Amino acid sequence: MDKHQQQLSLAKSSRQSCNEWIFRDVPSDITIEVNGGTIALHKFPLVSRSGRIRKLVEEHRDSDISRVELMNLPGAAESFELAAKFCYGINFEITPLNVAQLCCVSDYLEMTEEFSKDNLHLHAEQYLESIVYKNLEMCVEVLQQCENLLPHANELNIVSRCIDAVASKACAEQIALSFSRLEYSSSGRLHTIRQAKCEGDWWIEDLSVIRIDLYQRVITAMKCRGVRPESIGASLVNYAQKVLTKKVDLVSTGHQKLVVETIISLLPVERLAVPISFLFELLRNAVMLDCTIACRLDLERRIGSQLDIATLDDLLIPSFRHGCETLFDVDTVYRILVNFSQQDDGEYDMDDVSIFESDSPHSPSQSALLKVSKLVDDYLAEVALDVNLKLSKFIAIAEALPAHARTIHDGLYRAIDIYLKTHKGIQDADKKRLCKLIDFQKVSQEAGAHAALNERLPLQSVVQVLYFEQLRLRNALCCSHTDGNHKQVHHQSWQISSGALSAAMSPRDNYAFLRRENRELKLELTRLRMRLNDLEKEHVCMKRDMAKSHSHKFMSSFSKKIAKLRFFRHSSSRGSSSPSRQSYRADSKAIERTCASIE
């Protein structure tokens, strides 16, 4: 049934009810037409109360008008029937369900005190002031009735007054509740008892029945009045659940899009005012309903600020865009990670040297970084199963976090291994790009053992794994060999795992460590240069001797040179403050040359 048919049906029912109270013994002399329907009435009762009808009758006095059409009457036939009853002196009850209609129709028909004393408009206004505006539930009922009375209800300030009353009552109830929870502690100090979340906010359920445009005005007024952000957030969650869980069709899609965009604009700026799962749900709806880019970017920024409390299910956002080949929306997740990383970097001013003088073992966001790094590795392992996921997007997600976020690379290695297993046709160059993401110093012994036998890894990565496993084994042997060199072994262990340790530090602590490490590396480089010069001199002498003779004298001379080299090596080791470090640096050069040759 369309709107026109509904109006005709309503007019017909009004005529039937009208016949029950009009004067049957007096013939009607005027017919009122309202929105396509007609009602036969009498001129005298109407013109005695309605200034509008009197003016129409007076304008056509010569032609003896018998039919009056009321165009765009607010509330249609139902409202006019109530006004007509008042004109005939028939009593009826004013309620929150009809008071807004009475205000609008009395203003339209000019049933005011200026025309007739004790008129309908006065009774409706008195009911609003004395009863409705003092009760939050009634205000909400009136707002709901005003949805079909716009713009008349706005022009009469019925909507704005109800909204102000609702916001004032909600704020007053929260203040009263806060005072009721005040008590004195044993020390004599006044403090507030911790209250349950949104306790006393019973109005949340009532607001879910009004239209989105009026709801937006109510929430905005509440924010201005100082209602708690948690209460605002709970109301938004409740409203969204009531509207967005309804069955979606072509007609309701546009309405749901408007609801999502409005709720996003109403979100409190305070962190954790709404659950992060609700933010992700809004983001999914925003993507699916093709909401504005500004709405989606705002949600991504909010989610990024509290990503450390998210779960893997939250991040698995399906791809709703037409023509998208991937199963999950990795682009959105990447932008969220960028927001999180930029927020973390923004906490530090790298140009301010004083911040590095702190003795704090961790920065305030270090725990959040660790949680997010594990979450990202789990996410990569999940999306790696998608055969359509491009390598560039996988790498972008993995590199979105700062280098010091991961203290262990087992999760990243697992995700990369899954990607290699799923994408079997990947080129060797792409395999190397992937494996460069892994710091094999930061993998556990179990992961290292798995990687050493993993045929999917490029040869360069396997060599690195074996090298660091050798260092780990050497460290273990040194520790078991002697207790007298405990400090020396500890120093070597520190060097082997320095990458993991520095990754566990925040940037401010890592800076001081890197400065010390840089000084030690400079000293080590100086020693290696001196040793290299000596070796080059010996090598020149050996070539000269080989050119002079191939006899027994050459063998004797060669043995002497070898003895000198061994003696020089031992003496150089005794002069070094860290023999194990020299061995480590030399082996590092060797592995770098090996990897370079493989490439």
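These figures come from a predicted structure and were not determined experimentally.

On to the environment of Glu69. Structurally, the position occupied by Glu69 is in strand 3 (residues 67-70). Once the C-alpha coordinates of Glu69 and Glu33 are considered, the two residues, 36 residues apart in sequence, prove to be 4.6 Å apart.

To continue, consider the sheet that holds strand 2 (residues 37-41). Strand order in the open sheet made by the three strands is 2-1-3, with mixed pairing throughout. Two strands close off the open sheet at either side, each with one partner strand: strand 2 and strand 3. Geometrically, the sheet is characterised by an average inter-axis angle of 25° between neighbouring strands, direction not taken into account.

We now examine the packing of aromatic side chains. All chains considered together, the criterion is met by three aromatic pairs. Taking the centre distance of 4.8 Å and the plane angle of 40° together, the rings of Phe394 and Tyr419 count as tilted. Of the two residues, Phe394 sits in helix 19 (residues 391-398) while Tyr419 sits in helix 20 (residues 410-422), which places them 25 residues apart along the sequence. Each of the two residues, Phe394 as well as Tyr419, counts as buried. The lysine or arginine in question, Arg52, covers the ring of Tyr108, its NZ or CZ lying 4.0 Å from the ring centre.

Right, let's talk about the pairing of strand 3 for a bit. Residues Val68 and Leu70 line the buried face of strand 3, whereas the alternating positions Arg67 and Glu69 sit on a face that is not buried. Here strand 1 (residues 30-34) pairs with strand 3 via four bridges, running parallel. Bridge pairing in strand 3 links Val34 to Leu70.

The next thing to look at is the side chain of Ser235. Looking at the secondary structure, you find Ser235 in helix 12 (residues 229-244). Once you skip the residues sitting within four places of it in the chain, Ser235 turns out to touch Trp203, Ile204, Leu207, Tyr215 and Ile219.

Of the two faces of strand 2, the one holding Gly37, Ile39 and Leu41 is buried and the one holding Thr38 and Ala40 is not buried anywhere. As paired strands, strand 1 and strand 2 are joined by five bridges and run antiparallel to one another. Bridge assignment links Thr31 to a residue of strand 2, and that residue is Ala40.

Moving on: the pattern of salt bridges. Evaluated as defined, the whole model comprises 18 salt bridges. Of the charged contacts in the structure, one is a salt bridge between Asp213 and Arg211, with a shortest N-O distance of 3.1 Å.

Before going further, it helps to spend a moment on unusual backbone geometry. Leu150 connects to Pro151 through a cis peptide bond whose omega is 10°. One non-glycine residue, Asn72, adopts positive backbone phi at about 55°. By the element assignment, Asn72 lies in the loop between strand 3 and helix 4 (76-87). What makes Asn72 exposed here is its relative accessible area of 60%. One non-glycine residue, Asp118, adopts positive backbone phi at about 55°.

A few words on the environment of Arg67. In this fold, Arg67 is placed in strand 3. For the pair formed by Arg67 and Ile32, sequence separation is 35 residues and the distance between their alpha carbons is 6.0 Å. In contact with Arg67, other than residues within four places in its own chain, are Thr31, Glu33 and Thr38. In terms of polar contacts, Arg67 uses its side chain to reach the side chain of Glu33, at 3.4 Å.

Now for the packing of helix 5 (residues 99-108) against helix 6 (residues 120-130). The N-to-C vectors of helix 5 and helix 6 enclose an angle of 145°; their axes lie 9 Å apart at closest approach. The interaxial crossing formed by helix 5 with helix 6 has left-handed handedness. For the pair formed by helix 5 and helix 6, the contact residues are Val99, Leu102, Cys103, Val105, Ser106 and Asp107 on the first element and Leu120, His121, Ala124, Glu125, Tyr127 and Leu128 on the second. Within the contact of helix 5 with helix 6, the residues separate by chemical class into eight nonpolar, two polar and two charged.

With 145 residues, the main nonpolar core has Phe80, Leu109, Leu207, Met222, Leu307 and Leu434 as its most contacted residues. There are two domains that each give this core at least three residues, and those are domain 1 (1-134) and domain 2 (228-294). Not counting the four nearest positions on each side in its chain, Leu307 is found in contact with Ile276, Phe280, Leu315, Ile336, Leu337, Phe340, Val372 and Leu375.

The rules we used
- Residues numbered from 1 in each chain as written.
- Predicted model: local features only at pLDDT ≥ 70, side-chain atom pairs only at ≥ 80, totals over all residues.
- Heavy atoms only, no water.
- Helix = DSSP H or I, 4+ residues; strand = E, 2+ residues; numbered from the N terminus.
- Pairing = 2+ DSSP bridges.
- Axes fitted to C-alpha atoms, helices over the stretch in contact; angles between N-to-C directions.
- Phe/Tyr/Trp six-rings, centres within 6.5 Å; stacked < 30°, edge-to-face > 60°.
- Buried < 20%, exposed > 50% of the residue type's maximum accessible area, 1.4 Å probe, protein only.
- Lys NZ or Arg CZ within 6 Å of the ring centre and 35° of its normal.
- Contact = heavy atoms within 4.5 Å.
- Salt bridge = Lys/Arg side-chain N within 4 Å of Asp/Glu carboxyl O.
- Polar contact = N/O pair within 3.5 Å; in protein donor to acceptor, adjacent residues only side chain to side chain.
- Left-handed = near helix turned anticlockwise from the far one by under 90°.
- Nonpolar A, V, L, I, M, F, W, Y, C, P; charged D, E, K, R; others polar.
- Core = buried A, V, L, I, M, F, W, Y, C linked by side-chain atoms within 4.5 Å.
- Domains from an automatic or database assignment.

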